[in-house]
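Each chain, written out:
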Amino acid sequence: MSQIPVARPVLDEREVEAVRRVILSGWVTQGPEVAAFEEEFADFVGAAHACAVSNCTTALHLALMAVGVSAGDEVITVSHSFIATANAIRYCGAIPVFVDIERDGFNIDPDLIEAAITPRTKAILCVHQLGMPCDLSRIVEIGSRRSIPVIEDAACATGSEILWKGRWEKIGKPHGDIACFSFHPRKVVTTGDGGMLTTANPDYDRKFRLWRQHSMSVNDTVRHGSKQVIFESYPELGYNYRLTDMQAAVGREQLKRLPEIVARRREIAEQYGRHLSAIAGMRSPVEPHWARSNWQSYCIGLPDRWEQPAFMQAMLDRGVSTRRGIMNSHLEKAYTGTTSHRIASGLVNSVRAQNETVILPLFMQMTDVEILQIVEAIQEGPGFADLATAAVG
Ligand SMILES: *Cc1c(COP(=O)(O)O)cnc(C)c1O
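All residue numbers here refer to positions counted from 1 along the written sequence of the relevant chain. Per-residue local features of the predicted model are confined to residues with pLDDT of at least 70, and side-chain atom pairs are confined, for both listing and counting, to 80 or more; whole-chain, interface and lining totals are unaffected and use all residues. Side-chain metrics in this entry use all non-hydrogen atoms of the structure; hydrogen atoms and water are not considered.

Frequently, the measure chosen for interface size is the accessible area that the parts lose on association. For each domain, the first and last residues come from an automatic or database assignment. You can read the domains of the chain as domain 1 (13–255) and domain 2 (258–392). For domain 1 versus domain 2, the separation of C-alpha centres amounts to 27 Å. Whether two residues are in contact is decided by their heavy atoms: any pair within 4.5 Å suffices. Facing the 45 residues of domain 1 at the interface are 43 residues of domain 2. Carbon and sulfur atoms make up 57% of the surface buried where domain 1 meets domain 2, a total of about 3,800 Å² over both sides. Basic side-chain nitrogens of Lys or Arg form a salt bridge, by our definition, when they fall within 4 Å of a carboxyl oxygen of Asp or Glu. The interface formed by domain 1 and domain 2 includes 2 salt bridges. Residue glutamate 74 is joined to arginine 342 by a salt bridge in which the shortest nitrogen-to-oxygen separation is 3.1 Å. Within 3.5 Å is the distance limit for a polar contact, defined as a pair of N or O atoms, with the added protein rule that one can donate a hydrogen and the other accept it, and that residues adjacent in sequence qualify only through two side-chain atoms. Our enumeration of links across domain 1 and domain 2 arrives at 30 residue pairs in polar contact (both at pLDDT 80 or more). Secondary structure elements with two or more residues in the side of domain 1 that touches domain 2: α4 (84–91), β3 (95–99), β6 (161–164) and α9 (245–276). Helix numbers and strand numbers start at the N terminus; a helix is a DSSP run of H or I with at least 4 residues, a strand a run of E with at least 2. In terms of residue count, the dominant contributor to the side of domain 1 that touches domain 2 is β3 (5 residues). As a working rule, the residues Ala, Val, Leu, Ile, Met, Phe, Trp, Tyr, Cys and Pro are called nonpolar, Asp, Glu, Lys and Arg charged, and the rest polar, with Gly in that last group. Partitioning the side of domain 1 that touches domain 2 into residue classes produces 25 nonpolar, 11 polar and 9 charged. A 1.4 Å probe defines the accessible area here, and the buried area is the portion of it lost by two parts on being joined, summed over both.

Pasting the structure below:
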């Protein structure tokens, strides 16, 4: 029996052909393919501007800088996220201020944001965790009332949608000030590594383009096309956060597939939901009526008596790979320093989610037979037997 992985990127000859075309063109980094990818991505999410960068972590760094986050400032976010979310805040010399997630879900609890605001709060960095949109209408309302910019960590949310003033819109329009996406292979579409920033603000977009290329005053495309000698200058500190044209060419192919990928992922999630609702105490993820997830991950809350490691081992023994739920940054050694973060609310739900949840396999190529194999493995798990006995006893 072959092992079912947790995730699998959707890549074939179409991506190979796209990369081949770029390599043979002779222009291999931040050129015409990157420009085309940006335009197509902006169109897809309905954004005025899209700027490609090397990954989502660098996108978050530039987004925070653009809204003016600097040393000693505070940024309100969650501990319960991949560590890159909080790390990007620290790259600015700023302090991540952690609040808890909602009880039923993995996104920031909007009720806790206002109490965490201080005169030093420079931004709210919310996460669309596992592709599920967070409660943007409430978060954006708080941000605009308190004059605090909202940045969306949309690393996992390419292709997710939110009901906004009565209309379904793509995450990344953006609904906050800036949204940041990831194209790591663990996400729904991939360029190997890669990231994108979307915004309606042309000043932010101009800054992203400067900073991603060492703040060089003249970019390569302009210099290359010029009939006159141009000397560039470097007016401020910049970075090398470029995406290559090979990556962008892959991204363009992935974007074409995205609707089909999301549709299949939503079907699989629906099947999981139906099967798992029969298991007492199992907490399947629930989509709020105003959200449509791309189901980047399907993360279940185990019934009370089920042990996370034992359950995961039992699944592995039955040929099914799983992962524990999302981590908490504040529990990592990198976050032990006194200036590494501030905790602004209890983090009970965050810690509970890390210890009691498990991510099941979900990828487009999964067959209905594999879904049943996974569901049966869950039903046979030691936890299930234990629970059944408990119910009888
Ligand atoms: C994957 C991920 C990131 C980091 O993305 P990279 O492209 O790998 O830098 C940031 N935030 C969240 C929530 C993620 O899941």
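So, next bit.
Turning to the site of the ligand, a few remarks are in order. Among the 14 residues in the neighbourhood of the ligand, the closest are listed as Cys56, Thr57, Asp153, Ser182 and Lys187. Between the ligand and the protein, one listed contact pairs an oxygen atom with a side-chain N or O atom of asparagine 55 at 3.4 Å. Between an oxygen atom of the ligand and a side-chain N or O atom of lysine 187, the distance comes to 2.7 Å. Using a 1.4 Å probe, the Shrake-Rupley method yields the accessible areas, and only the shown protein chains count as cover for residues. When the ligand sits alone it has 390 Å² of accessible area, and the protein chains cover 91% of it. Within this scheme a cavity is a closed region of a 1 Å grid, computed over the protein atoms alone, that accommodates a 1.4 Å probe without allowing it to escape, whereas a pocket is open but has protein on both sides within 12 Å along at least five of seven lines; lining residues each have an atom within 4 Å of a point. Any molecule with more than half of its atoms within 2 Å of a cavity's or pocket's grid points is counted as sitting in it. A majority-of-atoms criterion places the ligand in the largest pocket. Counted by class, the shell around the ligand contains 6 nonpolar, 6 polar and 2 charged residues. What makes a residue near a molecule or strand is one non-hydrogen atom of that residue sitting within 4 Å of it.

Right, let's get into the pattern of salt bridges. Applying the stated rule across the entire model yields 28 salt bridges. Two residues, glutamate 141 and arginine 145, come together in a salt bridge whose shortest N-O distance is 2.7 Å. Here arginine 145 and glutamate 141 lie together in helix α6 (residues 136–145), a separation of 4 residues that amounts to about one turn. Linking glutamate 161 and arginine 292 is a salt bridge whose minimum nitrogen-to-oxygen distance equals 2.9 Å. Of this pair, glutamate 161 sits in strand β6 while arginine 292 is found in strand β10 (residues 291–292), placing the two residues 131 residues apart along the sequence. Overall, glutamate 161 belongs to the buried group, its relative accessible area being 16%. Type-normalised accessible area, obtained with a 1.4 Å probe on protein chains alone, sets the label of each residue: buried when under 20%, exposed when over 50%, and partly exposed for intermediate values.

Among the nonpolar cores identified, the biggest contains 82 residues, and Tyr272 and Ile378 are the most heavily contacted of them. In terms of residues, this core owes the most to one element, α9, which gives 9 residues. Setting aside residues up to four positions removed in sequence, tyrosine 272 forms contacts with Tyr298, Leu360, Pro361, Met366, Ile371, Ile374 and Val375. If you look at the next biggest cluster of nonpolar residues, it comprises 29 residues, including Ala59, Ala155, Phe208 and Tyr239. Among buried residues, the Ala, Val, Leu, Ile, Met, Phe, Trp, Tyr and Cys ones that are joined through side-chain atoms within 4.5 Å form a nonpolar core.

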